[in-house]
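# Geometric and topological summary
In case you want the letters, here they are:
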Amino acid sequence: MGQSWQGAAACRGMDVERFYSDDTEVITQALAVCGGCIVRAACFAHALSRGEAHGVWGGTREQQRRRAQRRLRSPAA
């Protein structure tokens, strides 16, 4: 997958540190930016494909992506 989606990201040009904070309020603000982003799904897919372990990507936190990765790896029941 190309990264052309990044040019349309709502976070483009913002301080990257906002998306890698440990502060709950800052994380909430980052998630709000993602909430209205038109490329949120592409960002999330990118994070999953790269195994991004830290930060807010595609409107998700680290633990949400770990769960999604586990679901993708587990065989269908």
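Preceding this section is the structure that the text describes.
Read on for an overview of the structure. (Residues numbered from 1 in each chain as written. Predicted model: local features only at pLDDT ≥ 70, side-chain atom pairs only at ≥ 80, totals over all residues. Heavy atoms only, no water.)

### Overview of the nonpolar core
Under the convention used in this document: Grouping buried Ala, Val, Leu, Ile, Met, Phe, Trp, Tyr and Cys residues that are joined through side-chain atoms within 4.5 Å yields what is termed a nonpolar core. Relative accessibility under 20% of the residue-type maximum defines a buried residue, over 50% an exposed one, and the middle range a partly exposed one, all with a 1.4 Å probe and only protein chains included. Should any heavy atoms of two residues lie within 4.5 Å, those residues are counted as being in contact.
Counting residues in each nonpolar core, the largest one holds seven residues, listed as W5, A9, C37, V39, C43, A47 and W57. Not counting chain neighbours up to four residues away, the residues in contact with C37 comprise A9 and A10. Counting six residues, the second largest nonpolar core, distinct from the first, contains F19, I27, V33 and C34.

### A word on the packing of helix α2 (residues 40-50) against helix α3 (residues 62-73)
For the record, the criterion: To obtain each axis, a line is fitted to C-alpha atoms, and for helices this fit is confined to the stretch in contact; angles are then taken between N-to-C directions over 0 to 180 degrees. In DSSP terms, a helix is any run of H or I states spanning at least four residues, a strand is any run of E spanning at least two, and both are numbered starting from the N terminus. Oblique is the label for any angle not covered by the other classes, which are roughly parallel (under 35 degrees), roughly antiparallel (over 145) and roughly perpendicular (65 to 115). Left-handed describes a crossing whose near helix is turned anticlockwise from the far helix by less than a right angle; the clockwise case is right-handed. Residues were grouped as follows: Ala, Val, Leu, Ile, Met, Phe, Trp, Tyr, Cys and Pro as nonpolar; Asp, Glu, Lys and Arg as charged; and all remaining residues, including Gly, as polar.
Interaxial distance between α2 and α3 falls to 10 Å at its minimum, and their mutual angle equals 70°. As judged from the angle between their axes, α2 and α3 are roughly perpendicular. For the pair α2 and α3, the crossing hand works out as right-handed. Contact residues: α2 offers F44, A47 and L48, while α3 offers R65, A68, Q69 and L72. Looking at side-chain class alone, the contact of α2 with α3 contains five nonpolar, one polar and one charged residues.

### What to know about the environment of R66
One can find R66 in helix α3. Separated by 15 residues in sequence, R66 and G51 place their C-alpha atoms 8.7 Å apart.

### Re α3
Rules: In a helix, the anticipated span is given by 1.5 Å times the number of residues less one. Working note: the arc is built from the helix axis to C-beta atom directions.
With 12 residues, α3 extends 17 Å from end C-alpha to end C-alpha; this agrees with the ideal 16 Å at 1.5 Å per step. Those residues of α3 that fall on the buried side of the exposure criterion are R65, A68 and Q69. Buried residues along α3 cover an arc of 100° about the axis, so they all sit on one side. At its buried positions, α3 is contacted by α2.

### Things to note about a positive patch on the surface
Stated precisely, the cut-off is as follows: What goes into a patch is any residue over 30% in relative accessible area without a salt bridge, connected to like charges within 9 Å or, for nonpolar side chains (Val, Leu, Ile, Met, Phe, Trp, Tyr), within 5 Å. Residue-level accessible areas treat just the shown protein chains as cover; the underlying method is Shrake-Rupley with a 1.4 Å probe. One side-chain nitrogen of Lys or Arg within 4 Å of one carboxyl oxygen of Asp or Glu is enough to make a salt bridge. Only four residue types enter the charge count: Lys and Arg as positive, Asp and Glu as negative, with His and the chain ends excluded. Charge coordinates come from a single atom per side chain, which is NZ of Lys, CZ of Arg, CG of Asp or CD of Glu.
The grouping of R66, R67, R70, R71 and R73 at the surface amounts to a positive patch. On the secondary structure map, R71 appears in helix α3. You can call R71 exposed: its relative accessible area is 58%.

### As for helix α1 (residues 24-35)
We apply this condition: N or O atoms within 3.5 Å of each other form a polar contact, as long as, within protein, one can give a hydrogen and the other can take it, and as long as residues adjacent in sequence are counted only when both atoms are side-chain atoms.
Between its first and last C-alpha, α1 extends 16 Å over 12 residues, near the 16 Å set by a 1.5 Å rise per residue. Against α2 lie the buried residues of α1. Near the N-terminus of α1, the side chain that reaches the backbone nitrogen of E25, with its oxygen 2.8 Å away, is that of D23.

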